[in-house]
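Listed here are the chains, written in short residue letters.
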Amino acid sequence: MSHKLVIIGSGPAGHTAAIYAARANLKPVMYEGFMAGGIAAGGQLTTTTDVENFPGFPEGIDGTKLTELFRAQSIKYGTTIHTQTITKVDFSKRPFRLWSDDEIIEADAVIIATGATAKRMNVIGEDQYWQKGISACAVCDGALPIYRNKDLAVIGGGDSAVEEASHLTKFATKVYLIHRRDQLRASKIMANRAETHPKIEILWNTVVEEAKGNGNQLSSLMIKNINNDSQKELAVGGLFYAIGHKPNTDIFVGQLELDETGYIKTVPGTTRTNIEGVYAAGDVQDRIYRQAVTAAGSGCMAALEAERWLESREG
């Protein structure tokens, strides 16, 4: 089946692109994915309970509910949505070819919004306390009431981990930065910020082995010093992973230019990839901000760029 515009992915970037494209009469077709990357259609927002930083919701909104509203708006304006995962692409010739679970699709233009998946530690108790004290985004969740005025912990040793820990000091009584090595991987400036901050304590050569709580809320971590194998229980009200994200770009290897960690490269200030007619929006190309609102903004950009490009070809 042939389409003018196909959108791969269904988070805020994909749905914003779909809304703009549908209102421009491009008749977009979205392949929202079926547990792609182990996450439900809608992306990382579906793993978040309270979203308090997306404009228009002063009381906050459940992440899954927000993605449902995105989806309803996309459909209202004319987007066709398939709950299938794109498993293979061929951008070497036009029209582009894409393979889903059970069909081959042709597209004049493609917007990629497959997102990125936060790396997790898979410690004992993680699944039970995910979004009940464990998160992978301090900027997204750190200001929530459940984390305020409590001791919190961040796992990681790079610039992102220091940034997350520093951000949390605005709300926490204390922040433990847990790192398995004896020195941070962060830049010297960032490392010095962590080492000298009065609210941050770095736990060197330490790993988390178990998350514990009352069943509804995280209350402590079992940690181990890897040098002497000593263990202790650390009382915290929140644990934040800052060990990186994996962009969902496996099917684009060899098709698009990716950076050293797998994010799709785009022309600065645009969503254009190295293949004309193929655009990338949201966390799949954003290794810096990784916020729902910035993803939505780049989805808008991708739709506008795709619309102009398609019109230029028709003209």
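Throughout what follows, the structure given in this document is the object of discussion. Predicted model, so just to flag it, every value in this text is computed and none were measured.

## Notes on the pattern of salt bridges
Taken as a whole and judged by the stated rule, the model has eleven salt bridges. A salt bridge links glutamate 126 to arginine 120; its shortest N-O distance comes to 2.8 Å. Arginine 272 is paired through a salt bridge with glutamate 305; the nearest N and O atoms lie 3.9 Å apart. With arginine 272 in the loop between strand S18 (245-247) and strand S19 (278-280) and glutamate 305 in helix H7 (residues 292-314), this residue pair connects regions lying 33 residues apart in the sequence.

## Notes on helix H2 (residues 63-76)
End to end, H2 covers 20 Å across 14 residues, agreeing with the expected 20 Å (1.5 Å per residue, within 8%). Among all positions in H2, only Gly63, Leu66, Thr67, Phe70 and Ser74 are buried. Buried residues along H2 cover an arc of 95 degrees about the axis, so they all sit on one side. Buried residues along H2 sit against helix H1 (12-23), strand S3 (50-51), strand S4 (61-62) and strand S5 (80-82). Capping the start of H2, aspartate 62 holds a side-chain oxygen 3.0 Å from the backbone nitrogen of threonine 64, two or three residues further along. Downstream of H2 by one or two residues, glycine 78 has phi in the positive range, about 115 degrees.

Parameters at a glance
- Residues numbered from 1 in each chain as written.
- Predicted model: local features only at pLDDT ≥ 70, side-chain atom pairs only at ≥ 80, totals over all residues.
- Heavy atoms only, no water.
- Salt bridge = Lys/Arg side-chain N within 4 Å of Asp/Glu carboxyl O.
- Helix = DSSP H or I, 4+ residues; strand = E, 2+ residues; numbered from the N terminus.
- Expected span 1.5 Å × (residues − 1).
- Buried < 20%, exposed > 50% of the residue type's maximum accessible area, 1.4 Å probe, protein only.
- Arc of directions from axis to C-beta.
- Contact = heavy atoms within 4.5 Å.
- Polar contact = N/O pair within 3.5 Å; in protein donor to acceptor, adjacent residues only side chain to side chain.

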